[in-house]
Each structure stands twice: as structure tokens, then as C-alpha cells.
Amino acid sequence: MNRPSSAQLVEAGVGVLAGVAAVAGSLLAAGDSPAFVGAGAAALVRDAAPAFVAVNVRSLGELAQPLLVATTGVLLLGAYAALTGLAGRYVEGTRNRALATLGLVGGLTLVLSGSLLGALGAGIAGALAVAAANATLDLGRPTGRETPPGRRRLLQAGGAAVAALAASAIRLREPASTEGTAREPPDPGAAELLSAADERSLSLPDADPLVSDGFYTVDIASVDPKLGPGDWDLTVTGEVPEERTFTLSELQEFDAERRFVTLRCVSDPLNGTKIDTALWDGVPVSTVLDEAGAPESCCVTLHGADDYFVSFPREALDGGLLAWGMNGRPLPRGHGAPLRTLVPGHWGETNAKWLTDIEIRTEPEDGYWEQRGWEGTGEVKTVAKLHSTTVEGSTVRVGGHAYAGTDGISAVEVSTDGGDSWTEATLSEPLPGAVPLDAEEPEPDGEAADAWRMWEHEYEASSDHEVVVRAIDGNGDRQSEAQAGTRPSGATGWVRKSIEP
Ligand SMILES: Nc1nc2c(c(=O)[nH]1)N[C@H]1C(S)=C(S)[C@@H](COP(=O)(O)O)O[C@H]1N2
Ligand SMILES: [Mo]
């Protein structure tokens, strides 16, 4: 193979820089939304490489999205550079090259994103970078000496790319996970419950309080759907006498409630942190299904605006909520705005975000994750986490959270000798139960039915030892000791930790 000449390297560099400008141009035009070319391209890569990426969006945890984004970035810039290269090779003259780039780069962007606006943004930015590379400026050295033409071309295309990136940065100010949460204080009724949660939290270093400081996210898409209440509604479909559609304000007219609920992803490692608790506002699913006249039926599939779908037995929805509020504020974009499902006691994946359709079915089917080898539609497994350890002299304090879905936690047991003997840990007070949303003076209905508790245990120790923890649920059933990984149906075993006082 011949080594590429320096002119070829320069053209490739100009192509990549035009690609960077195109990506930035699409971002500037489409914003941080699924219309952004990176979103569509990442979804293509994800679906084309299921073994590598799709399965691992969950099993690789934090690493999966950056990996997907990096792979997509390389492929996308390569494709843009190739198209720009074509224009450079077969088209003469700066203006014609820029126009050809506009067409080719814009065309590819349109195919990938389906957004005309985004395609225009990408095409124009790419064309400007190509035009800049071909312009007879000399931005190089102030000394009077001429910059070599290759370097000049790269510098000028780079300048255009940097300008496009800087302009697009204005569209990226707010992360989606918290976007849509007003900076105002939470609703007063919610504030009262949140402070009750605060008071009941055990103060443990390295462990969240009862209402999590930051709530984990698991998303199949690299860029979350962006839905205003105006361009969204909910349809009850499938085996119903007639399809029924609800707008957000229609849903909000039903009797609504506010409750603490914990979510845990089936891909949460035994002592992982993909488990969190928030205070949610919404309408019972049963209200909406009754209103729609949905008949009794075996199964239901929930569909999200990101093409996510999850299917499970209909009775799992009993007691479930369609939520539009989180911690006294509107549901943030990253957690499914404007509406998500909360399914009591089941793994996180049943809690469909950006919910668009509730499909009543007579036959079961596999959902997005089940098609990829997971079994995450069942009830959560009981777990006690050990996230906090403090050692002061010979005094050791350990603690964390415990969760058993709707069975609740009745005790957490701690062993400080590797499992030979056991003591009961101190538990936090349970969180308050659900309250009606529009009552004057809402009284919590008992205890939260599907939320974690915190635990702590303090003891004296002078030599190395192993701490083991296990939870007992509200039925008196002890957390399973058998070790299993997260895939396919959730981690089991007891958390163990070596401590050296
Ligand atoms: N539409 C949609 N809903 C979804 C998902 C998704 O990718 N898309 N992820 C699911 C998974 S695997 C989990 S664990 C929970 C996580 O909810 P959170 O991101 O609000 O924590 O949402 C579930 N609902
Ligand atoms: Mo999940």
C-alpha cells in the first residue's frame, strides 16, 4: 500500500474538520434533541451492534454510553470526511465544492436524523468549513512569511469548526437528567414530605439520604426525547373497545396522589448504586385504564417516545402510577417528561419513561431488554447495601440502604465475623405513605409501600474482620445467599466487606 501523501492527509484533515463543523451545525439547529444527528447515528450503531453495545448499555454501566458515543463519533466524522473528500475530488472551484458539501453532508444528516432543520444546519456548517479551507486568506503567521498551503487550509477549516462548536455550545447548557426542573422551590406540600424524609434519614457518609441527592438514569437512547406537554399525549390502545387519548391536563384532572417510590435497575450490581428514591406525583394507572374501558387481559406493553417498550403481566400495574412530578417539581426530561410509569415492586425497566402508549394485549411479548437476553420485568430482589464505613479508633460504623419492593424491609442483620454470628442493625423510620394531591391538609396513608429503608450498625473491633449484611423482607423472608450476577434477572447474594480497623 502506498503511504498517503501530505496533500491527501491535509484533505482528510479538512474533511474531518468539516465533519466536526457539521456535527456542531446540526446541534446548533436541532438542539440537544433526537433531531440532532448524533442521536440518530448512535441509535443506528447501537442497533447494528447489539452484542457489543445494546446489551452493554446496561452491563457496562457508566462506560457504555461514552463508548457508544465515541464509536458513533468516529464513524460519523469518517462518513462526513469521505463525503467532503468526494466533493473536493470531483468538483472544481470553492463555491461549487461548498455547494456539493452542503448537499452531501446535509443529505447524510437528513437520512440519519430525519430532521430537515438539523440537516440544513449540518450542511451549511460543513460547507462553510470547506469554503474556509479553500479561501485565499492567510491566518498563519504575522511575520510576513506565508503559511504553507496545507497548513493554511487546515487552520482555516479548523477556525470554522471551532466557530460552529462555540455557537452550538449555547444549546448544551442544561443536562437532560435535570432539565425541566424549575429552579423554584418545590411545591409546599412536597417540601413538607421531603423534610420528613430528611428527618428520618440516617446520616451516613458516602450514602444518599432517604430521598436521593442525584437519581440514576438508564436510557437506551444517547439523547433523550424532548417532549413539551403540547406535542404529547397518552393513548390507551390494543384490546380496548375504542382507543382513548389523554392530554397531560386531562390526566391531571383525575384524583392524583403523591408518594415515595424506590426504583432499582435489574443491572444494578449487588452493592451498586443504580437504586434511588424520589417523591412522585401522578394519577393511578387504574383510573386511566378504567376511564378507557380497558377490559381484563393478560398483558400490557408500555411504549416510550424513544421506541423503548416493555411488556409484563397486567396485574403488575395494579397500584401503579402515571407520574408527571418528581420531588415537588415537574418530572425532569431525563426521567421521562412529561409522563412516566411507576410499577410497584418491579425492576426499573418496567417504569417506562416518555410514555406514549399503554397497549392492552391478549398475548405476552418480549420487550426491548428481553429481546436482548435480560429478564427484568419481574419483582425486584431483596437487597441490603453497604455503602458507608467509618472507622474511628476501634469504633466501626457501617450502614446503607435496604430494599425489598412492596414486601418492605422488616430487618437488616449484620455479621462482623464473616457470617458466623448475626445482630440486628438499627433501621430508619419508614417513609410516610401516599397522600392525595389536592387535599387541604393531606394525611399520609400509613408507610410508603414500595420504598427503601436505611440501616446502620456500630460496634467495637480491634483486628481485621469481614462484615456481611442481609435484609429480611416484610414477610420474614431472608435475602438469598446464593451468588448471581446481574444478567439476566438481577444480582443475588450477601454484600461482604473486609474491614481493617
Ligand atoms: N422510555 C424508556 N423508559 C425506560 C428506559 C428507557 O431507556 N427508555 N429505561 C428503563 C430502565 S432499564 C430503568 S432502570 C428505568 C430507570 O429510570 P430512571 O432513568 O428515571 O432512573 O427506566 C426504565 N424506563
Ligand atoms: Mo433498568
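Residues numbered from 1 in each chain as written. Chains lettered and ligands numbered in written order. Predicted model: local features only at pLDDT ≥ 70, side-chain atom pairs only at ≥ 80, totals over all residues. Heavy atoms only, no water.

(A) Examining the nonpolar core more closely. Counting 57 residues, the largest nonpolar core has L234, L251, F260, V288, L322, L339 and I358 as its most contacted members. A total of four residues in this core trace back to one element, the largest contributor, which is helix α9 (residues 188-200). Here this core gathers at least three residues from each of two domains, domain 2 (182-199 + 206-372) and domain 3 (383-499). The contact partners of L251, leaving out residues within four places of it in the chain, are W232, L234, F246, V283, V288, W324 and L339. With 21 residues, the next largest nonpolar core counts L270, Y459, V467 and A491 among its residues. (Core = buried A, V, L, I, M, F, W, Y, C linked by side-chain atoms within 4.5 Å. Buried < 20%, exposed > 50% of the residue type's maximum accessible area, 1.4 Å probe, protein only. Helix = DSSP H or I, 4+ residues; strand = E, 2+ residues; numbered from the N terminus. Domains from an automatic or database assignment. Contact = heavy atoms within 4.5 Å.)

(B) Layout of the domain arrangement of the protein. What the domain assignment reports for the protein is domain 1 (6-173), domain 2 (182-199 + 206-372) and domain 3 (383-499). One C-alpha centre belongs to domain 1, the other to domain 3, and the line joining them spans 50 Å.

(C) Quick peek at the packing of helix α2 (residues 37-48) against helix α6 (residues 94-113). Running from amino to carboxyl end, α2 crosses α6 at an angle of 60 degrees, the nearest separation of the two axes being 8 Å. Our pair here, α2 against α6, has a crossing hand that is left-handed. Across the interface between the two elements, V37, G40, A41 and L44 of α2 pack against T109, L112 and S113 of α6. (Axes fitted to C-alpha atoms, helices over the stretch in contact; angles between N-to-C directions. Left-handed = near helix turned anticlockwise from the far one by under 90°.)

(D) Broad picture of the pairing of strand β4 (residues 275-284). Burial of β4 is extensive: ten of the ten residues sit out of reach of the surface. Looking at chain direction, strand β3 (residues 257-264) and β4 are connected through eight bridges and run antiparallel. Bridging from a neighbouring strand, R258 pairs with D281 of β4. Pairing of β4 with strand β7 (residues 321-326) involves five bridges; the strand directions are antiparallel. The residue bridging W280 from the neighbouring strand is M326, located in β7. (Pairing = 2+ DSSP bridges.)

(E) Structural view of the side chain of T492. Along the chain, T492 falls in the loop between β19 (465-473) and β20 (495-499). Assessed through its relative accessible area of 14%, T492 is described here as buried. Ignoring sequence-local partners within four residues, the contact set of T492 consists of L270, K381, S480, A482, Q483 and A484.

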